[in-house]
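These are the residues of each chain, in order.
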Amino acid sequence: MLNRRQFSQSLAAASLLGSGALQAQARSLTFVGWSHDEAASKPTLTAMFEGYRKANADVKLDVIGFPWGQMQQNILLRLRSGQALDVVQLAERWLPQFGSTGKMIDLNDVYGKAQLQKVMNPGLLKLGEYKGKQLGLPWTAGSIGMVANAKVLKDAGIARPPQTVDAFVEALKAIKKTQPQSVPYAMTTKNNNSLSPDFQVWLWTFGGELFDEKGKVLVNSPAGVRALTFMADLVKDGLAAKDIDRPDARRMYAQNQTGFYQDAPLARGFARNNSGKGAEFDANVIAMATPVIKAGNAPQSFAWGHLLSIFGDAKAAPNPQSAQARLISHLALNDANQLLYFKDQGLFPVTNSALAQISSDPYVTAWTKAANTAERDEISMWSNSADLTTIVGEEVQAALLGQKTAQAAIEAMGKRLEAKMAELPKT
């Protein structure tokens, strides 16, 4: 276990990383990810990688990028061919897939579990946990959570964002009465990839689950029916609308045509751009916890974040002064870089100390607090996740469009999921 001084040294920037002992560990280092190849984040991340190179002259850093949609395939190809995967950017939902390969390093063995928990909230660290191991360290983290529009709420006489489901429905009715042409809740009602996360959040809120840990289908339950009935009734009563996807919701929100919708933490940035008012629109953007059935229940949200992981021989974890650990520290545990990422891209910091520096921003603090109870996608851990997502999305949409009752849609979802899970190889 590292003492505090050793751990601090491993997180420090250039001035603390140039000793002779480190020079003796000269080596090539490969980073694989996608964000540094995207136009919006490329300048910021390029500067971060250059900062690492200057601070670590003993390391030859090779930065490799693939498009988001090709990352999983290329990671698998590199694993199979033995190509370098020293530090890899992962989406949190991919962790079960790669964690099951047995070729990922437990970062608790690199930094020490207790030390990581001093630097980062344990709720955020959960994003990188798989079967009791810290296989990924959050680089940026949050959730697909809910935002409220302060102007729409004020115009409807709503003093604060509702905390319970009953109060939420009453708020939606008040918005509809005040603004009849509005869509009080811009709930996602099309696109399976958007429908699945939103349905899962409401399913959890009503006490249901899609699967148990072994893959047994649990969605066909009273909780499942209640959750989908709730969503379908919102559409039927005009409090939500058909044919809405996340981009539609973002535009409606920025035009003050909806009171609530769900999005990633970048919601404020989208509102700035779509409203044409920039930061002036920030006053309208309120991060809120998903309403709960009963006061005191944990608010539900859909875990969202990017992880940094090390692939290699799990029997020989690198030490915190290794080239791999120094790069992860530089990107994810260096407050200056975390705050730069937030400033340039709106992506939330993950270290307690960086979050403390922006604690005066209520949007960040409220969202981060709500994200501490976020749950990981129930579907992504299965190899046939694309098919499962399609099944969930199709049945949810059938209920929202009135093509099936909620009961019939849930029963069909359960049967279809069971049939698809039965196709998986037995382990």
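It should be noted that the structure appears before, not after, this text.
Here the residue numbers are simple positions, counted from 1 along each chain's written sequence. Per-residue local features of the predicted model are confined to residues with pLDDT of at least 70, and side-chain atom pairs are confined, for both listing and counting, to 80 or more; whole-chain, interface and lining totals are unaffected and use all residues. Heavy atoms from the whole structure form the basis of all side-chain values; hydrogens and water molecules are not counted.

(A) Structural detail: the overall build of the protein. A run of DSSP states H or I qualifies as a helix once it reaches four residues; a run of E qualifies as a strand once it reaches two. Both are numbered from the N-terminal end. Across its full length, the protein holds 20 helices and nine strands. Taking 22 Å as the expected radius of gyration for a compact globule of 427 residues, we find that the protein reaches 22 Å, a close match to that expectation. In terms of its C-alpha atoms, the protein occupies a principal-axis envelope of roughly 70 × 55 × 35 Å. Type-normalised accessible area, obtained with a 1.4 Å probe on protein chains alone, sets the label of each residue: buried when under 20%, exposed when over 50%, and partly exposed for intermediate values. For the protein, the residues scored as buried account for 56% of the 427 residues in total. In this analysis, two residues are considered to be in contact whenever any of their non-hydrogen atoms come within 4.5 Å of each other. Considering only contacts in the protein between residues 6 or more positions apart, those separated by 24 or more positions represent 74%. Summing over all exposed atoms, the protein offers an accessible surface of approximately 18,300 Å²; the carbon and sulfur share of this is 50%. Between the averaged position of the 45 positive side-chain charges in the protein and that of its 38 negative side-chain charges there is a distance of 3 Å. The quantity called the radius of gyration is restricted to C-alpha atoms. Its globule counterpart is 2.2 Å times the number of residues to the power 0.38. Surface accessibility follows the Shrake-Rupley procedure with a 1.4 Å probe radius. Residue values consider only the protein chains on display as shielding. Counted charges follow a simple rule, with Lys and Arg positive, Asp and Glu negative, and His plus the chain ends left uncounted. In this description, the location of a charge corresponds to atom NZ of lysine, CZ of arginine, CG of aspartate or CD of glutamate.

(B) Representation of the pairing of strand E9 (residues 302-309) within the structure. By the criterion of burial, E9 is predominantly enclosed, with eight of the eight residues buried. Burial along E9 is two-sided: Phe-302, Trp-304, His-306 and Leu-308 facing one way and Ala-303, Gly-305, Leu-307 and Ser-309 facing the other are all buried. Paired strands are those between which DSSP finds at least two bridges. The sheet contact formed by strand E3 (residues 87-91) and E9 spans four bridges and is antiparallel. When the sheet's bridge partners are listed, Ala-91 is paired in E9 with His-306. Bridge count for strand E6 (residues 137-149) against E9 is seven bridges, and the pairing is antiparallel. Within E9, the residue paired with Leu-137 across the bridge is Leu-308.

(C) Local environment of the nonpolar core. Core analysis: the largest hydrophobic core is formed by 61 residues, its most contacted members being Phe-31, Ile-75, Leu-90, Leu-137 and Leu-327. Apart from the residues lying within four places of it in its own chain, the contact partners of Phe-31 are His-36, Phe-49, Leu-61, Asp-62, Val-63, Ile-64, Val-87, Gln-89, Trp-139, Leu-308, Leu-327 and Leu-331. We call a set of buried Ala, Val, Leu, Ile, Met, Phe, Trp, Tyr and Cys residues a nonpolar core when their side-chain atoms join them within 4.5 Å. In terms of nonpolar packing, the next biggest core, distinct from the first, is built from 50 residues, Ala-148, Ala-156, Phe-199 and Ala-399 among them.

(D) Geometry of unusual backbone geometry. The backbone of Lys-131 sits at a positive phi, close to 50°, despite the residue not being glycine. Relative to the elements of secondary structure, Lys-131 occurs in the loop between strand E4 (129-130) and strand E5 (133-134). Backbone geometry at Asn-256 places phi at a positive 60°, although glycine is not the residue there. If you trace the backbone, Asn-256 turns up in the loop between helix H13 (246-254) and strand E7 (260-263). A residue is classified by how much of its surface remains accessible, and Asn-256, at 16% relative accessible area, is buried.

(E) Spatial organisation of the side chain of Arg-326. With respect to the helices, strands and loops of the structure, Arg-326 is situated in helix H15 (residues 323-332). For Arg-326, a relative accessible area of 1% puts it in the buried group. Only 2.7 Å separates the side chain of Arg-326 from the side chain of Asn-56, close enough to count as a polar contact. Side-chain polar atoms of Arg-326 contact the side chain of Asp-58, separated by 3.0 Å. We define a polar contact as two N or O atoms separated by no more than 3.5 Å, with the added condition that, inside protein, one atom must be a possible hydrogen donor and the other a possible acceptor, whereas residues neighbouring each other in sequence contribute only through side-chain atom pairs.

(F) The pattern of salt bridges, seen in detail. Salt bridge criterion: a side-chain nitrogen from Lys or Arg within 4 Å of a carboxyl oxygen from Asp or Glu. Considering all chains together, one arrives at 19 salt bridges under this definition. Each of Glu-394, Glu-395, Lys-404 and Arg-416 takes part in salt bridges that share partners, so that together they form one network.

(G) Main features of the packing of aromatic side chains. Only Phe, Tyr and Trp rings are paired, with Trp represented by its six-membered ring, and only when their centres lie within 6.5 Å; those with planes under 30 degrees apart are stacked, over 60 edge-to-face, the remainder tilted. If you walk through the whole model with that rule in mind, you get 21 aromatic pairs. Judged by centre distance (5.4 Å) and plane angle (65°), the ring pair of Tyr-363 and Trp-367 falls under edge-to-face. Here Trp-367 and Tyr-363 lie together in helix H18 (residues 362-371), a separation of four residues that amounts to about one turn. For Tyr-363, a relative accessible area of 4% corresponds to the buried category. Each residue in the set Phe-168, Tyr-185, Trp-202, Phe-206, Phe-230 and Phe-260 is aromatic and connected to the rest through ring pairs, giving one cluster. Cation over ring: Arg-250 sits above Phe-270, and NZ or CZ is 3.9 Å from the ring centre. Think of it as a cone above the ring: NZ of Lys or CZ of Arg counts as a charge over the ring if it is within 6 Å of the ring centre and within 35 degrees of the ring normal.

(H) Spotlight on the packing of helix H11 (residues 192-205) against helix H12 (residues 222-236). Convention adopted: a line fitted to C-alpha atoms gives each axis, helices being fitted over their contacting stretch, and angles between N-to-C directions are expressed from 0 to 180 degrees. Viewed as axis vectors pointing N to C, H11 and H12 meet at an angle of 125°, and their least axial separation amounts to 8 Å. Relative to H12, H11 is oriented oblique. Once H11 is placed against H12, the crossing between them reads as right-handed. Contacts from Phe-199, Trp-202 and Leu-203 of H11 reach H12 at Ala-223, Gly-224, Ala-227, Leu-228, Phe-230 and Met-231. Grouping the amino acids of the contact of H11 with H12 by side-chain chemistry returns eight nonpolar, one polar and no charged. An angle below 35 degrees is read as roughly parallel, one above 145 as roughly antiparallel, one from 65 to 115 as roughly perpendicular, and any other as oblique. Each crossing gets its hand from how the near helix is turned against the far one by less than a right angle, where anticlockwise is left-handed and clockwise is right-handed. Side-chain classes are defined by residue name, with Ala, Val, Leu, Ile, Met, Phe, Trp, Tyr, Cys and Pro counting as nonpolar, Asp, Glu, Lys and Arg as charged, and the others, Gly among them, as polar.

(I) Structural detail: empty space enclosed by the protein. Definitions used throughout: a 1 Å grid over protein atoms alone; a cavity as a set of points that fits a 1.4 Å probe which cannot get out; a pocket as an open set with protein on both sides within 12 Å along at least five of seven lines; a lining residue as one with an atom within 4 Å of a point. Grid points are joined across faces, edges and corners, and a volume is the space filled by probe spheres set on the points. Under the definition given, this model contains one cavity of 30 Å³ or more. Computed from the structure, the largest cavity encloses a volume of approximately 60 Å³. Looking at the largest cavity, the residues that line it are Ser-143, Gly-145, Met-146, Ala-287, Met-288, Ala-289, Thr-290, Gln-300, Ser-301, Ala-366, Trp-367 and Ala-370. Those elements that place two or more of their residues in the lining of the largest cavity are E6, strand E8 (285-288) and H18.

(J) Spotlight on H11. Between its first and last C-alpha, H11 extends 20 Å over 14 residues, near the 20 Å set by a 1.5 Å rise per residue. Buried residues dominate H11, accounting for 12 of its 14 residues. Of the positions making up H11, those classed as buried are Ser-194, Leu-195, Ser-196, Pro-197, Asp-198, Phe-199, Gln-200, Val-201, Trp-202, Leu-203, Trp-204 and Thr-205. N-capping of H11 is provided by Asn-191, with a side-chain oxygen placed 3.0 Å from the backbone N of Asn-193. Trailing H11 by a residue or two, Gly-207 shows a phi angle of about 90°, which is positive. Multiplying one less than the number of residues by 1.5 Å gives the expected span of a helix.

(K) Main features of the environment of Val-235. As for its placement among the helices and strands, Val-235 is situated in helix H12. Its relative accessible area of 10% is what places Val-235 among the buried residues. C-alpha of Val-235 to C-alpha of Gln-257: the two residues are 22 residues apart in sequence and 16 Å apart in space. Apart from residues no more than four positions distant in its own chain, Val-235 is found in contact with Met-187, Thr-189, Ala-240, Lys-242 and Leu-400.

Remember that the coordinates give geometry; whether it matters functionally is a separate question.
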